[in-house]
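# Residue-level structure breakdown
What follows is the residue order along each chain.
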Amino acid sequence: MILLYKEEYFEKNKEELINKIFELQSKLDEADETLNAIRSGEIDAIVTNDSVGSHVYTLESADYLYRVLVQEMSEGIVTLTLEGVIFYTNTKFASMVQIPMETLTGKKFNDFVVDEDITKFEATFKRGSNGKSKAEINLKSVKGTIIPVLISIKTLNDLKGVYAVITDISEHKHYEELKIIQKELKNTLLELERSNAELEKFAYVASHDLQEPLRMVSSFTQLLEKNYKGKLDSDADEFIHYAVDGAKRMHELINDLLSYSRVTSHGKIFGPVNLDDVLEQVLINLKVQIEENDAVIVSDPLPTVSADYSQMVQLFQNLIGNAIKYRGDEKPIINITVDKRDGELILVVSDNGIGIESKHQERIFEIFQRLQDRDKYQGTGIGLSICKKIVERHNGSIWVESVPGNGSDFYCTFPIRFVPDL
Ligand code: ADP
């Protein structure tokens, strides 16, 4: 009985053992499959369940995605030992310091910081290794390029190191600098406008107020000349003559200065101005001068512009008047042409006069600048500076092209929006 019992028992146990072996075999196959999947990279993490709950076990290859992410970032990433030695970088940082990424590991980060910023970097590093910190410093590449960066350092705690995120702020810096320059320019412009207005006011007030005492000097010296000429000695006659002449000249200068300052202070609102009408008026004003010099004036049909009529008359009169005054031996022939180029109206007054040397072609537009002797050609040197001021008030520019002995071409431009019917 006992034997039978034993046999039955073993029979049952054998069956259980075979089942167990099958169960173990399938678990082994499953484990083998998992291992193969891990080897081929198909699995990043394993999740297990037990009585406590789920556990996630990540595998080393699972940080692959993070590595890609870090490599592709537009910021430089560096991990450093507590001694400041690089043990990991991404390609961005390598490209900043212009060195192959593989050769960076083992180098001291300090080697890439400009000398002046080493102390600042070390202080930031120290703070970062105990928590986090950031600073703006300049890095230097191996080729000597300086890169302004924002470096943020944070501790890696138990890993006994730090990581740093490095942002290239060159463009930001450039933008900031541009903003500062722009602000400075704006201030300078405002200051310039203010001092210009002040100067103009001063020129106007001074020339206006000087007129009265000057009128007295002029009239009394003229009286002196009238009553005493030939009654004193010849020296006295000469002195009186100089005094009268000086007063007359001063009167002319002050008048011109006043007209110059009036271009802006007394300028009128722009309206439609037909330049043919302007020319007609100028030919009347210059009638005597034209006839005396037998001058010929030929003009293109001129357009209507939006301008200050009396200033246009003044402009044409100064240019044509000069073209006659600075004539050569030939009789003066003056051509007025008009053209349209690059959104501008170009007016040219050409003459066949004495011409101007190129070294003087800019300075003649400055106030009181003359090239000729007063004995030979009358004038105060203000006409062209008034022309310049008028043209600029109309948002244009003026210049001369000339060959000495071969005449001059005076160019004036006006924005095309001032020309409705060209
Ligand atoms: P002004 O005629 O009273 O001297 P402007 O300002 O009109 O003053 O001219 C400045 C200088 O430019 C003149 O002294 C002269 O030397 C020169 N200039 C002006 N227009 C001409 C011209 N058409 N041809 C030659 N020289 C000229």
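Treat the numbers as computed from the prediction; the structure is a model and nothing was measured. (Residues numbered from 1 in each chain as written. Predicted model: local features only at pLDDT ≥ 70, side-chain atom pairs only at ≥ 80, totals over all residues. Heavy atoms only, no water.)

## Quick look at the layout of surface pockets
Over the atoms rolls a probe the size of a water molecule, and in doing so it shows where empty space is left. Inclusion rule: Put simply, the grid is 1 Å and covers the protein atoms alone, a cavity is a trapped set of points that fit a 1.4 Å probe, a pocket is an open set with protein on both sides within 12 Å along at least five of seven lines, and lining residues have an atom within 4 Å of a point. Grid points are joined across faces, edges and corners, and a volume is the space filled by probe spheres set on the points. Secondary structure elements are taken from DSSP: a helix is a run of H or I of four residues or more, a strand is a run of E of two residues or more, and numbering for both begins at the N terminus. The classification used treats Ala, Val, Leu, Ile, Met, Phe, Trp, Tyr, Cys and Pro as nonpolar, Asp, Glu, Lys and Arg as charged, and all other residues, Gly among them, as polar.
What the largest pocket holds in volume is close to 800 Å³. As for the largest pocket, its lining consists of 33 residues, of which Asn-322, Lys-325, Tyr-326, Gln-378 and Gly-383 are closest to the centre. If you list the elements that add at least two residues to the lining of the largest pocket, you get helix H6 (234-265), helix H9 (309-325), helix H10 (383-393) and strand E14 (408-415). The biggest single contributor to the lining of the largest pocket is H9, with 8 residues. The class makeup of the residues in the lining of the largest pocket is 12 nonpolar, 16 polar and 5 charged. Taken together, 19 residues form the lining of the second largest pocket, with Asn-196, Glu-200, Tyr-260, Lys-389 and Glu-392 sitting closest to its centre. When contributions to the lining of the second largest pocket are tallied by element, the ones reaching two or more residues are helix H5 (170-228), H6 and H10. Here the element with the most residues in the lining of the second largest pocket is H5; it accounts for 7 residues.

## What about the sheet that holds strand E11 (residues 333-341)?
What counts here: Any two strands are treated as partners once DSSP identifies two or more bridges connecting them. Comment: axis = line fitted to C-alpha atoms, over the contacting stretch for helices; angle = value between 0 and 180 degrees taken between N-to-C directions.
The strand order E9-E11-E12-E14-E13 describes an open sheet built from 5 strands, whose pairing is mixed. Each edge of the open sheet is held by one strand with a lone partner, namely strand E9 (296-299) and strand E13 (398-402). Strand-to-strand twist across the sheet, computed as the mean angle between neighbouring axes with direction ignored, equals 20°. Examined bridge by bridge, E13 and E14 share 5 bridges and lie antiparallel to one another. Counted as the bridge partner of Ser-402 is Ser-408 from E14.

## Notes on a nonpolar patch on the surface
Let me state the cut-off plainly: Candidate patch residues must exceed 30% relative accessible area and have no salt bridge, after which like charges are joined if within 9 Å and Val, Leu, Ile, Met, Phe, Trp or Tyr side chains if within 5 Å. For the area figures, the Shrake-Rupley method with a 1.4 Å probe applies, and any residue is considered shielded solely by the protein chains shown. Salt bridge criterion: a side-chain nitrogen from Lys or Arg within 4 Å of a carboxyl oxygen from Asp or Glu. In this scheme, a residue with accessible area under 20% of its type's maximum is buried, one over 50% is exposed, and one in between is partly exposed, where area comes from a 1.4 Å probe on protein chains only.
Where nonpolar side chains cluster on the molecular surface, the patch consists of Leu-178, Ile-181 and Leu-185 and spans about 290 Å² of accessible area. Structurally, Leu-178 is set in helix H5. Overall, the relative accessible area of 46% leaves Leu-178 in the partly exposed class.

## Overview of the sheet that holds strand E6 (residues 146-155)
Strands in a sheet are paired, the pairing made by backbone hydrogen bonds, and the direction either parallel or antiparallel. Quick reminder of the rule: What makes two residues a contact is simply this: any of their non-hydrogen atoms within 4.5 Å.
The 5 strands are arranged E4-E3-E7-E6-E5 in an open sheet whose pairing can be described as antiparallel. Lying at the two open borders of the sheet, with one neighbouring strand each, are strand E4 (86-89) and strand E5 (132-140). Across the sheet, the mean angle from the axis of one strand to that of its neighbour is 25°, orientation sign disregarded. Two elements, strand E3 (residues 76-81) and E4, share 3 bridges in a ladder whose sense is antiparallel. In the strand pairing of E4, Thr-79 is matched with Tyr-88. Packed onto the sheet, helix H4 (residues 118-129) meets E3, E5, E6 and strand E7 (161-168) and runs at close to 150° relative to E5.

## Section: unusual backbone geometry
With glycine set apart, most residues show a phi of negative sign, and most peptide bonds adopt trans. We note that Asp-294 has phi near 55°; this positive angle belongs to a residue other than glycine. On the secondary structure map, Asp-294 appears in the loop between helix H8 (287-293) and E9. Judged by relative accessible area, which is 48%, Asp-294 ranks as partly exposed. Not every positive phi belongs to a glycine, and Asp-342 is a case in point at roughly 45°. On the secondary structure map, Asp-342 appears in the loop between E11 and strand E12 (344-350). Judged by relative accessible area, Asp-342 falls into the exposed class, the value being 74%.

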